[in-house]
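Given next are the chains, with one letter for each unit.
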Amino acid sequence: MRGTAFRLFLAFGLILVLGAILVSCEYPAPPAGGGTAVGGGWTDDGTVVRLTTITDRVGIGTANPAEKLHVVGNLKLESEIVCTGCVKEAAIADGSVTASKLGANSVNSGKVVDGSLGAADVNTAEVQRRVTGTCSVGNAIREIGEDGTVACQPMGGGDITAVLAGLGLSGGGTSGDVTLSLLTGCSTGQVLKWNGTDWICSADSDTTYSAGAGLSLVGTTFSVANGGITLAMLAGNSVDSSKIVNGSIAAEDVDTTQIQRRVTGSCSSGNAIRVINADGTVTCEPVATGGAWSLTGNAGTDPTTNFLGTTDNVALEIRVNNYRALRIEPAASPNIIGGFRLNSVDPGVEGATIAGGGAAICVDPPCYNEVTAHWGTIGGGAKNTVSGVLATICGGDANIAIGSVSTISGGSGNRTNGEVATVCGGTGNAANGEASTACGGSGNLAAGVASFAAGTQAKANHDGSFVWADHLTGFYFESTAANEFSVRSTGGARFVSAVDGTGKPTAGVYLTPGSNAWSAISDRELKENFSPVDGRLILERLSQIPISEWNMRSQDPSIRHIGPMAQDFYAAFGLGESERYINSSDADGIALISIQALYQLSLEKDEQIARLTQEVEDLRSRLEALERMVSELAGEK
């Protein structure tokens, strides 16, 4: 009975709610202006949609419009705005219209306040400022300045009643334009002369003449005097050979420092002229028999018969300060020994070269350079020894090249025992392996074939090994296997794969000091084209990638690994530069986004479990209530 009453109560309440909804949804009455009502205060007459309620406001992008039309966001118009009263009086703030905002020729006299232009507004180079200066009585304005001031000058006074010709003049008058001219009427050859009272025409009979330097005067005629032209009167380059009498230049006329006097001296038989003197005399010297090399060079020589050298099995030496500076020793391929006089090549050796070096300051051992093998070369330095065939020491100190075709670039105390070995320099380095290299630094050893050691106390003991050691003294850093690349870098290591326009690294990895893992450059400022990632989609794709255990073909099968194949990884995510590689950053990113997705799923599962738990509790409560009701109903019966 109680359940039936409860259901009737619910049905009655539902009818009341539906009735209220129907009442609230009644269609509005047609508007007074005509047209069809479309909801609220809007009407549509087929041509115009309008809001007929005066007090209503329209908001687009906002729930609280402040004006009749309030738009938040961009407003796109395909045509012009027709607007009345859009710009109010306060639309342009006082003082906001500056000179840069005025268009050319936009201001005319109608826009200028009458009488408002002051002195500062005009260009005085173009517009005259008001003239305020005045002149005193008897003076007149001579000049008006840009600033309106004036310059004055006195004015002439009185009236001219007549212009009379004075002494020596003719003409004049009492009115109109008058002319004054010199006295005329003199005969040819006459000049105007002052007789003490007046100007008169008279003959020019009192002119006197006198001859200047270099001239003679006879009557009124001037001529050049004999010997009158002096050296000072002649212009530069004014006398050429045509003005000089042939054969007239004698010995005293020439400067013997510039022009050679006629050579009159001669030498006796067996002698040759060595010097021609300024006065034409000569100095002689005996002529050597058999020919000689000139100190100033020779011409017309024949290298088959004219040469410097020896014709027997004796060395040729060139001396400086009476010490040997260069020695050429006879051999099928001659030895050339330069530098210190004690530099030497062993007997029987040929093709050796000592370019220089050595010193006399050392006593034990002596500071000389020595070559003991065929075709060995020492470029310079001191105490260097080449014992290998075709070996070379470029310079330095106390270096020894023993291996054939080996090279020591320089440095001190370096050694090459291996064939075709190289020591680049440094000190105390050794290249003992064939084709090995110890490059610079100190205390390095390249013992393996084709090995490389560099830095400080690096040992490349295995064939093909590369060992580089930093400057951490007191400890050797050695290779452990053939063809191994070993680096000791206690200050860290960097591999940079890209830089910007200033050379700053933009891509690469770092191994920081003391670390055993790489740190990749991952600065946000160095990345672009960001896009969101769907973690659940990534997790779904990751779940479909095969993960297997395997070994690399390049390693022993007992060395096992676990992971995906690069082709499957690339097909699932399309990340990285190639389908044959997996970028560790991409692998880390996939793992991180998958962990985020799993975490989100776990939160959702927790929420679902909590909701289901609450529903179970509610159902349990309802079940207990129903059980009580059933128990009560059973008791009533």
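Overview of the structure.

Rules behind the numbers
- Residues numbered from 1 in each chain as written.
- Predicted model: local features only at pLDDT ≥ 70, side-chain atom pairs only at ≥ 80, totals over all residues.
- Heavy atoms only, no water.
- Helix = DSSP H or I, 4+ residues; strand = E, 2+ residues; numbered from the N terminus.
- Buried < 20%, exposed > 50% of the residue type's maximum accessible area, 1.4 Å probe, protein only.
- Areas by Shrake-Rupley, 256 points an atom, 1.4 Å probe, with all protein chains shown as cover.
- Disulfide = S-S within 2.5 Å.
- Pairing = 2+ DSSP bridges.
- Axes fitted to C-alpha atoms, helices over the stretch in contact; angles between N-to-C directions.
- Parallel < 35°, antiparallel > 145°, perpendicular 65-115°, else oblique.
- Contact = heavy atoms within 4.5 Å.
- Polar contact = N/O pair within 3.5 Å; in protein donor to acceptor, adjacent residues only side chain to side chain.
- 1 Å grid on protein atoms, 1.4 Å probe; cavity = no way out; pocket = protein on both sides within 12 Å on 5 of 7 lines; lining within 4 Å.
- Points joined across faces, edges and corners; volume = space filled by probe spheres on them.
- Nonpolar A, V, L, I, M, F, W, Y, C, P; charged D, E, K, R; others polar.
- Expected span 1.5 Å × (residues − 1).
- Patch = residues over 30% accessible without salt bridge, like charges linked within 9 Å, V, L, I, M, F, W, Y side chains within 5 Å.
- Salt bridge = Lys/Arg side-chain N within 4 Å of Asp/Glu carboxyl O.

1. Structural notes on the overall build of the protein chain
Within the protein chain one finds four helices and 42 strands. The proportion of buried residues among the 637 residues of the protein chain is 15%. Accessible surface for the protein chain amounts to roughly 46100 Å². Of this, 55% is attributable to carbon and sulfur atoms.

2. Considerations on the state of the cysteines
Scanning the model with the defined rule gives three disulfides in all. Disulfide pairing places C135 opposite C152 at an S-S distance of 1.9 Å. Its S-S torsion of about -90 degrees marks the bond between C135 and C152 as left-handed, since a negative value means left-handed. One end of the pair, C135, is in the loop between β5 (69–71) and β6 (139–144); the other, C152, is in strand β7 (residues 150–154), and 17 residues separate them in sequence.

3. Some points on the sheet that holds strand β23 (residues 377–378)
The strand order β17-β18-β19-β21-β23-β25-β27-β29-β31-β33-β35-β37 describes an open sheet built from twelve strands, whose pairing is mixed. Edge positions in the open sheet fall to β17 (316–320) and β37 (485–488), since each of these has one partner strand only. As judged from the two bridges shared by strand β21 (residues 353–354) and β23, these two strands associate in the parallel manner. Paired with T353 across the strands is T377, a residue of β23.

4. A short note on the packing of helix α2 (residues 535–544) against helix α4 (residues 584–636)
In contact at an axis separation of 8 Å, α2 and α4 are set at 110 degrees when each is read in the N-to-C sense. When the interaxial angle is binned, α2 and α4 end up roughly perpendicular. Contacts between α2 and α4 involve G535, R536, I538, L539 and L542 on the former and, on the latter, I590, I593, S594, A597, L598, Q600, L601 and E604.

5. Looking at the side chain of N444
Tracing the chain through its elements places N444 in the loop between β31 (437–442) and β32 (445–446). A distance of 2.8 Å separates a polar side-chain atom of N444 from the backbone oxygen of G440.

6. Overview of the layout of surface pockets
The volume enclosed by the largest pocket comes to roughly 1200 Å³. For the lining of the largest pocket, the secondary structure elements donating two or more residues are β39 (505–511), β40 (519–520), α2 and α4. When residues of the lining of the largest pocket are assigned to their parent elements, the largest contribution, nine residues, is made by α4. Looking at the lining of the largest pocket residue by residue, the classes come out as twelve nonpolar, eleven polar and seven charged. Estimates place the volume of the second largest pocket at around 180 Å³. The wall of the second largest pocket is formed by W550, M552, I562, G563, P564, M565, A566 and Q567. For the lining of the second largest pocket, the elements supplying multiple residues, two or more each, are β42 (561–563) and α3 (566–573). Here the lining of the second largest pocket is built from residues that sort into six nonpolar, two polar and no charged.

7. A word on the environment of I402
Looking at where I402 falls in the secondary structure, it is placed in the loop between β26 (400–401) and β27 (407–408). Separated by ten residues in the primary sequence, I402 and T392 have C-alpha atoms spaced 9.6 Å apart. Look past the residues within four positions of I402 in its chain and what remains in contact with it is S387, G388, R415, T416 and N417.

8. Describing α4
For α4, built from 53 residues, the straight-helix expectation of 78 Å at 1.5 Å per residue is met to within 8% by its first-to-last C-alpha distance of 77 Å. Here α4 has its buried residues at I590, I593, S594 and A597. Buried positions along α4 lie against α2 and α3. Measuring from the side-chain oxygen of the N-cap residue of α4 to the backbone nitrogen of S585 gives 2.7 Å; that N-cap residue is N583.

9. Some words on empty space enclosed by the protein
One pass over the full model with this rule turns up two cavities of 30 Å³ or more. Counted as a void, the second largest cavity has a volume near 30 Å³. Of the residues forming the lining of the second largest cavity, the biggest block, three residues, is contributed by α3. Counted by class, the lining of the second largest cavity contains six nonpolar, two polar and one charged residues.

10. A few points about a nonpolar patch on the surface
A contiguous nonpolar surface patch, about 1100 Å² in accessible area, is contributed by Y209, L215, F222, V224, I229, L231, M233, L234, V239, I244 and I249. As for its placement among the helices and strands, F222 is situated in strand β14 (residues 221–224). Classification of F222 as partly exposed rests on a relative accessible area of 37%.

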